Amino acid sequence: MSINARHGLPFLPGNSFRDMTKSAFHRTQTLAYNNGFALPRPPTHGIGQDPLKSEELAYNYTNELSSETLALLTEPSSRAPVVPFIPAHVALDKKVLRFHGYFQQRVLHSPDEEYRVRPVVLFYYLEDDSMCVMEPLVENSGLPQGKLIKRQQLPRKDRSVPYHWKDLNLALDLEVYGVLYRITNCDSFTREFLESEGILVNDPEPMPVDPYTSHRAPPQRSYVSPSNFDHQKQFLTMDRKVLRFFALWDDKDTIYKETRPVNIQYYLVDDTVEIREVHQANSGRDPFPVLMRRQRLPKTIREDSEPFPRCVLEVSPQEVQEYYSPRDFRVGETMRLMGRTLRLYDCDSFTRSYFQSNHPEVETKRVELPRAEEAAWDTEREVPPYNGFGSLEDSLQNCLHLIPQPPKKDLIKMLENDHKVLRYIARLDSNNPHDEGRHFILSYFLASNMISIFEKPTRNSGIMAGKFLEKTRVPKPGFEADKPLFYSPADLAIGATVVVFGHRFVLTDADHYVLKYLESEADQIPSQTLESLRNRLGVHPDQGTGTNPTEEQYGDQGVVEPSSQGQEPAA
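Another aspect to go through is the overall build of the chain. Scanning the chain from terminus to terminus reveals 13 helices and 22 strands. The buried share of the chain, reckoned over its 571 residues, is 29%. Taking as baseline every contact in the chain between residues at least 6 positions apart, the subset at least 24 positions apart corresponds to 47%. Of the accessible surface of the chain, which amounts to about 39,900 Å², a share of 53% is contributed by carbon and sulfur atoms.

What follows deals with unusual backbone geometry. Leave glycine aside and you will find that most residues have negative phi; peptide bonds, for their part, are mostly trans. Backbone geometry places His419, a non-glycine residue, at a positive phi of 65 degrees. The residue His419 is located in the loop between helix H10 (411–416) and strand S17 (421–428) in this model. Here the phi dihedral of Phe501 falls at roughly 50 degrees; this positive angle occurs in a residue that is not glycine. Tracing the chain through its elements places Phe501 in the loop between strand S21 (497–500) and strand S22 (503–510). Residue Phe501 is classed as exposed on the basis of its relative accessible area of 53%.

Spatially, the 6 strands line up as an open sheet ordered S12-S11-S10-S9-S16-S15, and their pairing is antiparallel. Edge positions in the open sheet fall to strand S12 (290–295) and strand S15 (334–337), since each of these has one partner strand only. On average, each strand axis in the sheet is tilted by 35 degrees relative to the strand beside it, whichever way the strands run. Direction of pairing for strand S9 (residues 242–251) relative to strand S16 (residues 340–347): antiparallel, over a ladder of 5 bridges. Bridging from a neighbouring strand, Trp249 pairs with Leu342 of S16. Against the sheet, helix H7 (residues 349–358) makes contact with S9 and S16, and its axis sits at roughly 110 degrees relative to S9, the strand it touches most.

The next subject is the confidence of the model for the chain. When pLDDT is averaged along the chain, the result is 82; 83% of the residues meet or exceed 70. Within the model, the stretch residues 546–571 combines pLDDT values under 50 with 44 contacts to residues more than four positions away or in other chains.

Right, let's talk about the pattern of salt bridges for a bit. Evaluated as defined, the whole model comprises 24 salt bridges. Between Glu277 and Arg260 there is a salt bridge, with the nearest N and O atoms lying 2.2 Å from each other. Here Glu277 is found in strand S11 (residues 272–277), whereas its partner Arg260 is found in strand S10 (residues 258–267), with 17 residues between them in sequence. Classification of Glu277 by relative accessible area gives buried; the value is 18%. Overall, the relative accessible area of 12% leaves Arg260 in the buried class. For the salt bridge of Asp491 with Lys476, the shortest nitrogen-to-oxygen distance reads 2.7 Å.

With that settled, the discussion passes to the nonpolar core. Among the nonpolar cores identified, the biggest contains 32 residues, and Leu422, Tyr424, Ile453 and Leu518 are the most heavily contacted of them. For this core, the element with the most residues is helix H11 (residues 512–520), which contributes 5 residues. If sequence neighbours within four positions are ignored, Ile453 has contacts with Phe440, Ile441, Leu442, Lys467, Phe468, Leu469, Val500 and Phe505.

Within the open sheet, the 6 strands sit side by side as S20-S19-S18-S17-S22-S21. Their pairing is antiparallel. Strands at the two margins of the open sheet, each flanked by one partner only, are strand S20 (466–472) and S21. Looking at each pair of strands side by side, their axes are set apart by 30 degrees on average, direction ignored. With 4 bridges connecting them, strand S19 (residues 450–455) and S20 associate as antiparallel partners. The partner of Glu455 across the bridge, within S20, is Gly466. Here H11 sits on the sheet in contact with S17 and S22, set at roughly 125 degrees to S17.

Among the residues of helix H12 (residues 527–537), those classed as buried are Thr529, Leu530, Ser532, Leu533, Arg534 and Leu537. Contact partners of the buried residues in H12: S22 and H11. Positive phi shows up at Gly538, right after H12, with a value of about 70 degrees.

Our next topic: the pairing of strand S5 (residues 130–135). Burial of S5 is extensive: 5 of the 6 residues sit out of reach of the surface. The pairing of strand S4 (residues 115–125) with S5 spans 5 bridges and is antiparallel. Among the inter-strand pairings, Tyr124 is bridged to a residue of S5, identified as Met131. In this antiparallel pair of consecutive strands, S4 and S5, the connection spans 4 residues, and Asp129 shows a positive phi of 60 degrees. Relative to strand S6 (residues 146–152), S5 runs antiparallel, the two sharing 4 bridges. Paired with Glu135 across the bridge in S6 is Gly146.

With respect to the helices and strands, Gly462 occurs in the loop between S19 and S20. When its relative accessible area of 80% is taken as the criterion, Gly462 is described as exposed.

So, how was this worked out
Residues numbered from 1 in each chain as written. Predicted model: local features only at pLDDT ≥ 70, side-chain atom pairs only at ≥ 80, totals over all residues. Heavy atoms only, no water. Helix = DSSP H or I, 4+ residues; strand = E, 2+ residues; numbered from the N terminus. Buried < 20%, exposed > 50% of the residue type's maximum accessible area, 1.4 Å probe, protein only. Contact = heavy atoms within 4.5 Å. Areas by Shrake-Rupley, 256 points an atom, 1.4 Å probe, with all protein chains shown as cover. Pairing = 2+ DSSP bridges. Axes fitted to C-alpha atoms, helices over the stretch in contact; angles between N-to-C directions. pLDDT = per-residue confidence, 0-100. Salt bridge = Lys/Arg side-chain N within 4 Å of Asp/Glu carboxyl O. Core = buried A, V, L, I, M, F, W, Y, C linked by side-chain atoms within 4.5 Å.

This is the structure:
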């Protein structure tokens, strides 16, 4: 009895006392197996239960146990021990029979196949006599595979009772939902289970071959005797090595009757040949460089393959007896490749060195072509005569390009001689008496070889001074307009006459920087020019050039061109 019951106190808050002798506070289990069946267990005293009822039940259960113990002690020992009963859903839990089989699926409207063999795996669960049909997944099969029939009890054909494991065996047909499955094999556990139950297991059957899968399988390779030639060595030693021959394509059999230049390239790495056409500007042809793609050229065809229509189908390697090799390409001979007549007349330097080291008996000397044939395709470009508009270089760009581009300049010369100017004093050589007393400053720009002329103002002369000639290149008289020769510092000596577009100027003086620069380039300047400058400036060859106000102001860079706004530069 509880403490409250012994003391006669009601079971109310404040009248209950904690049992100090209680040590188990867990919630007891209410179900247990008895003779193999799950039955409710007699409850014990717990929280929230009636103490009188709990004690009564516990007392009755204790008496029952004592009576059973007394009966066991009084019975004879010859009685066999009772085997505990285990239900089927516990004994056969997670035990599955696995069978392998297949079914044939009919294929309609296909000329390649009539049916397909689809393998399946049948699982039989002994726990509840249910079955499941699975098809192994095949990658890129295009068929819905996986679970064909979910786990359930499969009915027989007459739909009377479901299939039982006693109905399953090897080499047996199983019809489920109109599909006929053929069982061919099983695993070791299934075989042992059936034999332990007294069922004679049949012999396994081989899985039939799917005719469509066997048709799609790649054919077995046919091997030939390997050759003694080492292709790997050829690849490692001959890679990026090409023999180049120059040839003429004799196309005189066509309506146009012309000869066109081509390049024949023989690749030593794999013995392939490529023919490229030499494209010429303004030839009227589309720039298709490849006349024949890179390939191996057959030289000799087997006799049994000669009547085969090669114009329709390509020649296979089994039909070729011999391919072209480097020894077949000889300079000076005519070859017929893929229906085209080619005449070899030259080769490059690498090709000559290759033949000299590997095939010295082959001649590689250039063959001179008749002038008529060479002129037919090697025509020199003719430039029209100069019309006098603009500079010669600018006018030439109109003949070289559809969209004219600026002429190229010597940038190194422009950077080295930037702001370097040679200045001379000149007078106008004219029969007009009004030109007497006119003085000019002729400036020669070393960066661009141009000349500009500035006229010094003279008081009460009636002539406007200033810029007489813009910076331009002045050609010498007596030369053709297409091939002019321009003035250079070597031509500008004291006393020399410079003809500038019909005007004659006589050089009378120069500054000291001119002599200093020309002496630094003495190997390119005539001695008469240097001597005239020394005599005019009063400088002895052994004596230095000295300094003057011009050099002190501008240093080694010479005198810059004076402005055209009426200022008089220092002479």
